Amino acid sequence: MKDKFITLRSTAVPLPNENIDTDQIIPARFLKATTREGFGDNLFRDWRYDTENNPVTDFVLNDPTYSGRILVAGKNFGCGSSREHAAWAIYDFGFRVVVSSFFADIFKNNALNNGLLPIVVSDNFLKQMIQAIKENPSTEIMVDLENQILQVGSVRETFEINAYKKTCLMNGYDDIDYLLSLNKEIREFDAVHS
Amino acid sequence: MSEKKPRTIFEKIWDSHVVKRAEGYPDALFIDRHFIHEVTSPQAFDGLKKRGIKVFNTLRTTATADHNVPTKDQHLPIKEALSRHQVETLRTNCKEFGVELYDLGHLYQGIVHIIGPELGLTLPGMTIVCGDSHTSTHGAFGNIAFGIGTSEVEQVLATQCILQYRPKTMKIEINGQIGKGVVSKDIILYIISKISASGATGFFVEYAGDTIRNLSMEARMTICNMSIEMGARGGLIAPDETTFNYIKGRKFAPQEVEFEKKVAEWRKLVTDDDAVYDVELKYDAADIAPMITYGTNPGMGMKVTDYIPTVEELKEISEQGSFKKSLEYMGLEPGSQLLGKSIDYVFIGSCTNARIEDLRLVAKMVKGKKKANNVEVWVVPGSKQVEAQAIQEGLDKVFEAAGFELRSPGCSACLGMNEDKVPAGKYCISTSNRNFEGRQGPKSRTFLASPLSAAAAAITGKVTDVREFK
Ligand code: SF4
């Protein structure tokens with residue numbers, strides 16, 4: 001069972017860079033833990049801290065102007081390595097939603113498998129959203145998963161999400177629960193499929 | 001779906017592995033082979049323990065230690081505590097769950113995507129997954145192979161299945177004779193530079209055309225390996241005689257009569273004449289030259305003699321910010337040329353280019369020559385078997401004489417999880433697959449290139465056009 005996701009109201013953090021790969025989200029040298037917890041400390045490690053471990057003041061996560069549980073990122077977010085640690089780190093840091101105009105496949109799956117909602121919007125809407133947040137960092141954003149609505153200030157946009165994944169998120173279900181229920185069929189398949 | 005509908009190889013393999021297709025659910029896809037390694041498996045095993053379940057079929061699961069391992073003094077305990085703990089955790093888990101582990105020191109240890117094919121565990125027609133995005137490598141044998149996250153590793157360990165929606169299909173056809181100094185790494189870097197780091201997201205690629213047909217299995221693996229660098233879920237190549245000859249006699253491959261029977265089945269793995277791909281792209285091999293990347297994603301590549309684009313030349317204005325940031329990180333000027341630029345490190349290794357054929361290419365190129373004084377050169381074989389073969393062929397002597405260091409197998413500087421890190425600000429020509437910021441060590445700068453280009457650069461100490469190299 002995962003946390004259930006129904007609705008969320010929050011301010012957001014803008015990170016408009018494109019092609020943010022999972023090596024940036026969580027660099028390889030922090031992948032050595034054998035549990036799922038604590039990765040948030042090293043989220044965007046090399047963008048957040050310089051080589052002497054001092055916070056990089058102009059990086060958005062170090063900027064007190066922005067806060068919230070929604071990350072708004074440039075297109076092709078989460079490309080590269082399949083490390084699920086990237087989704088864990090984002091979640092552990094406190095984010096529950098990532099908005100982008102494009103997500104890499106494996107990251108999207110990993111996010112959905114961890115109760116982190118990836119929302120795809122058009123390039124144009126993304127641009128407007130980032131602008132709105134920059135102009136007014138206290139802009140409230142509302143995510144309504146059931147009705148698939150993303151509202152930024154007074155502007156509404158509907159978003160697509162796969163019906164199965166939506167049910168999982170809203171109920172905190174795991175894929176594994178469903179697969180375990182197929183045990184008998186899988187055994188039979190395994191036996192004849194050498 | 002009617003039986004008669006012409007299908008691609010991908011669709012045939014997919015359909016034949018669906019255990020259950022239910023309304024409102026993704027397909028439950030049966031997985032023939034599951035590879036695991038120390039970094040993405042511990043939390044998955046924990047999940048099994050919490051649920052009190054066993055590994056569904058240990059015979060379909062193979063483990064190795066590769067990402068974290070030192071490439072020097074591998075016989076000693078791993079110095080770094082966290083890495084040691086992770087490898088030990090893998091050891092304990094494999095023992096507890098009865099999974100075969102090719103541990104450090106084992107004859108079969110190596111980078112997971114190198115050992116699967118060389119042991120004959122990777123076969124045509126299969127579905128293969130691993131908690132690692134470069135699982136796409138295995139597709140060179142004509143199978144569906146893709147990388148997954150740790151939650152999915154847990155699903156596969158627990159049920160031998162994964163819940164997946166079928167990706168769309170893309171055909172990339174390359175025809176014609178490749179030019180002098182061009183190898184398969186250049187072909188794939190060229191394709192990615194054309195379609196961008198996200199151009200194949202949502203697709204499963206089939207590589208076709210006579211250029212691909214004429215490649216060896218090792219060269220095909222290099223191509224499929226980097227499918228993920230354009231966002232593709234995976235990439236495959238139809239199996240043929242080259243494939244069957246490679247598999248024949250390998251340790252875990254079907255043997256003799258069984259092998260012949262299998263080959264007969266594998267021959268049927270072809271895309272039907274009228275099958276439709278969602279997207280089809282075509283390239284001419286004659287247009288491909290030795291390639292190099294200049295930026296911080298593998299799509300930012302060019303011919304080694306080209307000039308880095310200027311901000312104004314970018315197709316999409318939205319990319320300008322990221323482009324500038326990328327070049328700043330790399331310490332490069334828009335509009336400048338890389339040719340002749342001095343470098344500091346050369347890394348020959350990774351699941352892209354650390355097979356015996358790669359090492360032979362490099363050795364042939366550098367035999368009787370010496371590396372430039374300004375560079376440090378690491379040659380990291382992909383597996384114990386590659387290492388042993390290299391030594392048997394005397395390649396180690398060639399490397400030593402050239403001032404190259406031949407190390408023990410592992411992922412090494414491909415991702416800098418062990419000690420093998422490129423220092424901040426330094427330039428490395430690397431035969432690996434990712435030039436992301438900090439990939440080879442914090443603030444390191446990576447130029448991706450072929451083993452040939454890397455070897456030439458090691459000798460000259462600078463970015464070199466192999467076609468001019470004597
Ligand atoms: S060599 Fe590099 S890309 Fe390949 S599996 Fe290891 S870390 Fe991943």
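That block above? That's the structure.
These numbers come from a predicted model, not from an experiment.

Undergrad: Mind laying out the environment of Pro-254 of chain B, listing which residues take part and the relevant values?
TA: Secondary-structure assignment places Pro-254 of chain B in the loop between α9 (241-247) and α10 (256-266). Once the C-alpha coordinates of Pro-254 of chain B and Lys-371 of chain B are considered, the two residues, 117 residues apart in sequence, prove to be 43 Å apart.

Undergrad: Go over the nonpolar core, please, and point to the residues and values.
TA: Core analysis: the largest hydrophobic core is formed by 112 residues, its most contacted members being Phe-44, Phe-77, Val-143 and Leu-150 of chain A. The dominant element in this core, judged by the number of residues it contributes, is helix α15 (residues 451-460) of chain B, at seven residues. In this view, Phe-44 of chain A contacts Leu-15, Ile-20, Gln-24, Ile-25, Phe-59, Leu-61, Leu-71 and Phe-77 of chain A; residues no more than four positions away in its chain are not counted.

Undergrad: So what's going on with the interface of chain B and chain A? Which residues, and what values?
TA: With 71 residues of chain B at the contact, the number on the chain A side is 54 residues. When chain B packs against chain A, the two sides together hide about 5,200 Å² of surface, and 56% of this comes from carbon and sulfur. In this assembly, chain B and chain A are joined by seven salt bridges. A salt bridge links Arg-51 of chain B to Asp-177 of chain A; the shortest N-O distance between them is 3.3 Å. On inspection of chain B and its partner chain A, the count reaches 33 residue pairs in polar contact (both at pLDDT 80 or more).

Undergrad: Break down the sheet that holds strand β19 (residues 445-448) of chain B for me, citing the residues and quoting the values.
TA: Working definition: the strands of a sheet are paired by backbone hydrogen bonds and lie parallel or antiparallel to each other. Residue and element names in this part refer to chain B. Strand order in the open sheet formed by five strands is β17-β16-β15-β18-β19, with parallel pairing between adjacent strands. Strand pairing shows two members of the sheet lacking a second neighbour, β17 (405-406) and β19, which therefore form its edges. Looking at chain direction, strand β16 (residues 376-379) and β17 are connected through two bridges and run parallel. Note that in β17 the partner of Trp-378 across the bridge is Glu-405. Sheet contacts for helix α11 (residues 320-330): β18 (427-430) and β19; angle to β19, the most-contacted strand, approximately 105 degrees.

Undergrad: Describe the site of the ligand, naming the residues involved and giving the relevant values.
TA: By nearness alone, every residue bordering the ligand is listed as His-67, Ile-111, His-113, Asp-132, His-134, Ser-350, Cys-351, Cys-411, Cys-414, Leu-415, Asn-433 and Arg-439 of chain B. Grouping the amino acids of the shell around the ligand by side-chain chemistry returns five nonpolar, five polar and two charged.

Undergrad: Please set out the packing of helix α12 (residues 356-366) of chain B against helix α13 (residues 384-392) of chain B residue by residue, giving values where relevant.
TA: All names here are of chain B. As a packed pair, α12 and α13 sit with axes 9 Å apart at the nearest point and diverge in direction by 35 degrees. The interaxial crossing formed by α12 with α13 has right-handed handedness. Facing Ile-356, Leu-359 and Arg-360 of α12, the residues of α13 in contact are Val-386, Gln-389 and Ala-390. Grouping the amino acids of the contact of α12 with α13 by side-chain chemistry returns four nonpolar, one polar and one charged.

Undergrad: Give a description of α10 of chain B that names residues and reports values.
TA: Residues and elements named next belong to chain B. All of the buried residues in α10 are Phe-259, Lys-262, Val-263 and Trp-266. Buried residues of α10, seen end-on, are gathered within an arc of 105 degrees and therefore sit on one face of the element. Exposed side chains of α10 directed beyond 90 degrees from the buried face belong to Val-257 and Lys-261. Buried residues along α10 sit in contact with α9.

Here is what the cut-offs are and how they apply
- Residues numbered from 1 in each chain as written.
- Chains lettered and ligands numbered in written order.
- Predicted model: local features only at pLDDT ≥ 70, side-chain atom pairs only at ≥ 80, totals over all residues.
- Heavy atoms only, no water.
- Helix = DSSP H or I, 4+ residues; strand = E, 2+ residues; numbered from the N terminus.
- Core = buried A, V, L, I, M, F, W, Y, C linked by side-chain atoms within 4.5 Å.
- Buried < 20%, exposed > 50% of the residue type's maximum accessible area, 1.4 Å probe, protein only.
- Contact = heavy atoms within 4.5 Å.
- Buried area = accessible area lost by both parts, 1.4 Å probe.
- Salt bridge = Lys/Arg side-chain N within 4 Å of Asp/Glu carboxyl O.
- Polar contact = N/O pair within 3.5 Å; in protein donor to acceptor, adjacent residues only side chain to side chain.
- Pairing = 2+ DSSP bridges.
- Axes fitted to C-alpha atoms, helices over the stretch in contact; angles between N-to-C directions.
- Near = heavy atom within 4 Å.
- Nonpolar A, V, L, I, M, F, W, Y, C, P; charged D, E, K, R; others polar.
- Left-handed = near helix turned anticlockwise from the far one by under 90°.
- Arc of directions from axis to C-beta.

As far as function goes, none of this settles anything; it's purely spatial.
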